[in-house]
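Understanding the architecture of this molecule
Okay, here's what each chain looks like letter by letter:
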Amino acid sequence: MERYEAIGAIETFGLVFVLEAADAMCKAADVQLIGYENVASGYISVLVQGDVGACKTAVEAGVKAVNDMGAEVYSSVVIPRPHPDLEKIARRYALSTAP
């Protein structure tokens with residue numbers, strides 16, 4: 001994984017809501033979907049990467065999309081200039097590019 005300027009994440013309850021969040025995030029800004037993780041008991045996190053402004057825009061759009069569906073965002077974050085060691089965590093979330 002190449003170095004990126006920021007990562008953004010949203011955590012909500014349920015696959016449908018996290019899919020809506022991820023779709024809104026990717027459509028709202030020039031970000032790349034890193035992946036997702038079923039955290040526990042139905043909570044799912046989705047991560048994106050890109051420049052700081054794009055990640056902020058993407059996370060805001062994802063939060064709005066979930067709220068517009070009547071669901072609740074458990075948490076969200078944008079981390080500008082993440083420490084290189086965070087890549088170890090992001091790799092765990094990464095989607096496989098293999099079919």
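Calculation notes
Residues numbered from 1 in each chain as written. Predicted model: local features only at pLDDT ≥ 70, side-chain atom pairs only at ≥ 80, totals over all residues. Heavy atoms only, no water. Pairing = 2+ DSSP bridges. Helix = DSSP H or I, 4+ residues; strand = E, 2+ residues; numbered from the N terminus. Axes fitted to C-alpha atoms, helices over the stretch in contact; angles between N-to-C directions. Contact = heavy atoms within 4.5 Å. Phe/Tyr/Trp six-rings, centres within 6.5 Å; stacked < 30°, edge-to-face > 60°. Buried < 20%, exposed > 50% of the residue type's maximum accessible area, 1.4 Å probe, protein only. Salt bridge = Lys/Arg side-chain N within 4 Å of Asp/Glu carboxyl O.

**What to know about the sheet that holds strand 2 (residues 32-40)**
Taken in spatial order, the 4 strands line up as 2-3-1-4 in an open sheet, and their pairing is antiparallel. A strand with exactly one partner marks an edge of an open sheet, and here the two such strands are strand 2 and strand 4 (73-80). Along the sheet, successive strands turn relative to each other by an average axial angle of 15°, direction set aside. In this structure, strand 1 (residues 6-13) lies alongside strand 4, joined through 7 bridges in antiparallel fashion. By the bridge assignment, E11 is partnered in strand 4 with S75. Helix 2 (residues 52-68) contacts strand 1, strand 3 (43-50) and strand 4 of the sheet and is inclined by roughly 175° relative to strand 4. Those strands touched by helix 3 (residues 86-93) are strand 1, strand 2, strand 3 and strand 4, and its axis lies near 80° from that of strand 2.

**Considering the packing of aromatic side chains**
Two descriptors summarise a pair of aromatic rings, namely the distance from one centre to the other and the angle between the planes of the rings. Applying the stated criterion across every chain, the model contains 2 aromatic pairs. When the centroid spacing of 5.3 Å and the interplanar angle of 75° are considered together, the rings of F13 and Y43 count as edge-to-face. In this pair, F13 sits in strand 1 while Y43 sits in strand 3, placing the two residues 30 residues apart along the sequence. Overall, the relative accessible area of 31% leaves Y43 in the partly exposed class. Where Y43 meets Y74, the ring centres are 5.0 Å apart and the plane angle is 50°; that geometry is what we call tilted. Highlighted residues: Y43 in strand 3 and Y74 in strand 4, separated in sequence by 31 residues. Through successive ring pairs, a cluster of aromatic residues spans F13, Y43 and Y74.

**Some remarks on the pattern of salt bridges**
Considering all chains together, one arrives at 5 salt bridges under this definition. Here D68 makes a salt bridge to K64, at a shortest N to O gap of 2.6 Å. Here the residue D68 and the residue K64 both occupy positions in helix 2, the gap between them amounting to 4 residues, near one helical turn. We note a salt bridge from R91 to E87, for which the minimum N-O separation is 3.5 Å. One end of the pair, R91, and the other, E87, are both in helix 3, 4 residues apart, so they sit about a helical turn from each other. Classification of E87 by relative accessible area gives partly exposed; the value is 22%.

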